Amino acid sequence: SAAALLNAALLRPDPLAIARELEGQPGAAREAASRPVDRARTFGELLGDLRVQIALTTLMVSQFVMIATTSTSPVYLHDQGHRVGVIGIAVALHLAGMYVSSPLSGWLSDRFGRLPMIGLGALVLIAAVMLAGLSPGTNGPLVILGLFVNGIGWNLAFVAGSALLTDALAPAERASIQGLADLCMGLMGALGSAVGGMILGLWGFAILNAVGAMLTFGPLVVTLLRRPTLATASARTPLL
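J.: I would appreciate a short explanation of the overall build of the protein chain in the present structure.
T.: Helix and strand counts for the protein chain come out as twelve helices and zero strands. Going from the N terminus to the C terminus, the protein chain shows its helices and strands as α-α-α-α-α-α-α-α-α-α-α-α. In the protein chain, which comprises 240 residues, the proportion classed as buried is 41%. Taking the contacts inside the protein chain whose residues are at least 6 apart along the sequence as the reference set, 83% of them involve residues at least 24 apart.

J.: What is the right way to read the packing of aromatic side chains from this model?
T.: The geometry of two aromatic rings is summed up by the distance between their centres and the angle between their planes. Taken as a whole and judged by the stated rule, the model has four aromatic pairs. On the numbers, 4.0 Å between centres and 15 degrees between planes, the contact of Tyr-76 with Phe-205 is stacked. Here the residue Tyr-76 occupies a position in helix 6 (residues 73–79), and Phe-205 occupies one in helix 12 (residues 205–232), the gap between them amounting to 129 residues. In terms of burial, Tyr-76 and Phe-205 fall into one category: buried. Relative to Phe-112, the ring of Trp-107 has its centre 6.2 Å away and its plane inclined at 90 degrees; by these criteria the two rings are edge-to-face. The lysine or arginine in question, Arg-111, covers the ring of Phe-112, its NZ or CZ lying 5.0 Å from the ring centre.

J.: Is there a simple way to think about the nonpolar core in this case?
T.: Across soluble globular proteins, nonpolar side chains show a tendency to be buried alongside one another. Core analysis: the biggest nonpolar cluster contains 24 residues, and Val-52, Ile-54, Ile-118, Leu-164, Leu-165 and Leu-169 have the highest contact counts within it. The set of elements that each furnish at least two residues to this core consists of helix 5 (50–70), helix 9 (114–134), helix 10 (140–168) and helix 11 (171–203). Take this core: its biggest share by element is seven residues, from helix 5. Each residue touching Ile-118, except ones within four places of it in the same chain, is listed here: Ile-54, Thr-58, Ala-160, Gly-161, Leu-164 and Thr-223.

J.: Would you mind going over the packing of helix 7 (residues 84–100) against helix 10 with me for this structure?
T.: Each pair of packed helices can be summarised by the angle the axes make with each other and by the distance between the axes. Relative to each other, helix 7 and helix 10 sit at 20 degrees, their axes nearing to 6 Å. Looking at the two axes, helix 7 sits roughly parallel to helix 10. Here the hand of the crossing between helix 7 and helix 10 comes out right-handed. Along the contact surface, helix 7 presents Val-86, Ala-90, Leu-93, His-94, Ala-96, Gly-97, Met-98 and Tyr-99, while helix 10 presents Ile-144, Leu-147, Phe-148, Asn-150, Gly-151, Ile-152, Trp-154 and Asn-155.

J.: What exactly am I supposed to notice about the pattern of salt bridges here?
T.: For side chains of opposite charge, pairing can occur when their charged atoms come near one another. Here the structure, examined in full by the defined rule, presents five salt bridges. Put simply, Asp-49 and Arg-51 hold a salt bridge, and the shortest N to O gap is 3.0 Å. Taking the relative accessible area as the measure of exposure, Asp-49 reaches 10% and is therefore buried. A single network of salt bridges, built from pairs that share partners, joins Arg-41, Asp-49, Arg-51 and Glu-173.

J.: Looking at this model, I keep getting lost on the environment of Met-188. Mind explaining?
T.: Among the secondary structure elements, Met-188 is positioned in helix 11. Note: C-alpha distance between Met-188 and Gln-63 (125 residues apart in sequence) is 6.3 Å. Look past the residues within four positions of Met-188 in its chain and what remains in contact with it is Met-60, Gln-63 and Phe-64.

J.: Help me understand the side chain of Asn-155, please; the structure alone is not making it clear to me.
T.: On the secondary structure map, Asn-155 appears in helix 10. You can call Asn-155 buried: its relative accessible area is 1%. Within polar-contact distance, the side chain of Asn-155 engages the side chain of Ser-101 at 3.3 Å. A distance of 2.8 Å separates a polar atom in the side chain of Asn-155 from a polar atom in the side chain of Ser-102. Ignoring sequence-local partners within four residues, the contact set of Asn-155 consists of Gly-97, Met-98, Tyr-99, Ser-101, Ser-102 and Ser-105.

J.: Before we go on, may I ask you to explain the side chain of Thr-58 in this structure?
T.: Here Thr-58 lies in helix 5. Its relative accessible area of 2% is what places Thr-58 among the buried residues. Beyond its immediate sequence surroundings of up to four residues, Thr-58 is in contact with Ile-118, Ala-157 and Pro-219.

J.: Would you explain helix 11 in this entry?
T.: Quick reminder: α-helices carry 3.6 residues per turn. Residues three or four places apart thus point the same way. With 33 residues, helix 11 extends 46 Å between its outermost C-alpha atoms, agreeing within 8% with the 48 Å of an ideal straight helix rising 1.5 Å per residue. Taken as a whole, helix 11 has its buried residues at Glu-173, Arg-174, Ile-177, Ala-181, Cys-184, Met-185, Met-188, Gly-189, Gly-192, Gly-196, Ile-199 and Leu-200. Note on helix 11: the residue one or two positions beyond its end, Gly-204, has a positive phi of about 105 degrees.

About the thresholds
Residues numbered from 1 in each chain as written. Predicted model: local features only at pLDDT ≥ 70, side-chain atom pairs only at ≥ 80, totals over all residues. Heavy atoms only, no water. Helix = DSSP H or I, 4+ residues; strand = E, 2+ residues; numbered from the N terminus. Buried < 20%, exposed > 50% of the residue type's maximum accessible area, 1.4 Å probe, protein only. Contact = heavy atoms within 4.5 Å. Phe/Tyr/Trp six-rings, centres within 6.5 Å; stacked < 30°, edge-to-face > 60°. Lys NZ or Arg CZ within 6 Å of the ring centre and 35° of its normal. Core = buried A, V, L, I, M, F, W, Y, C linked by side-chain atoms within 4.5 Å. Axes fitted to C-alpha atoms, helices over the stretch in contact; angles between N-to-C directions. Parallel < 35°, antiparallel > 145°, perpendicular 65-115°, else oblique. Left-handed = near helix turned anticlockwise from the far one by under 90°. Salt bridge = Lys/Arg side-chain N within 4 Å of Asp/Glu carboxyl O. Polar contact = N/O pair within 3.5 Å; in protein donor to acceptor, adjacent residues only side chain to side chain. Expected span 1.5 Å × (residues − 1).

Structure representation (structure tokens):
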């Protein structure tokens, strides 16, 4: 595909080469020295890592809330009398919000740390679902703005959560646990779409977004409460 060709031709420097260089830095050496390098941790040990717990929770909850509140938005906008063109703009802007902010999200995660950006992503996502849910359905621009901001909040949480997960894993552990994270996100997306449709049909778009806001408080509260615990281990992972 065109995307694959562009990546092969223009993606310089290679992220894999950068990752290998980073593994040789003193911080990575200290992390590797904290456990045997000839084996990966067991699945139970990995799930016992607080960073893995927070990262997986962030990725799963943000995916569920984002899919539940946006996959149903075309139906909601159609029911409110909006034309197909307006619905297409809403979907396009939401997708733009999901991905256009990725470079900024990555820079912020490196500059200020993974946990603060997870918290910021949760706050932005909460603000987005409140805006979309409380705005009159006939006010297309406000609902569309809420969907756009929804994508930005998801992106912040996704990038920061993914970076935190990578920080917590040794090279031998990354493929399996990151694969597990992708699987969990896919399942949460499917579940969110189904549950979102049921809530929309039974109680409406405002209640659906209210449920999304309440669920998003989870990663936010965990980030605030567990940050001191993770800060104690900052010698192992300075970016926290």
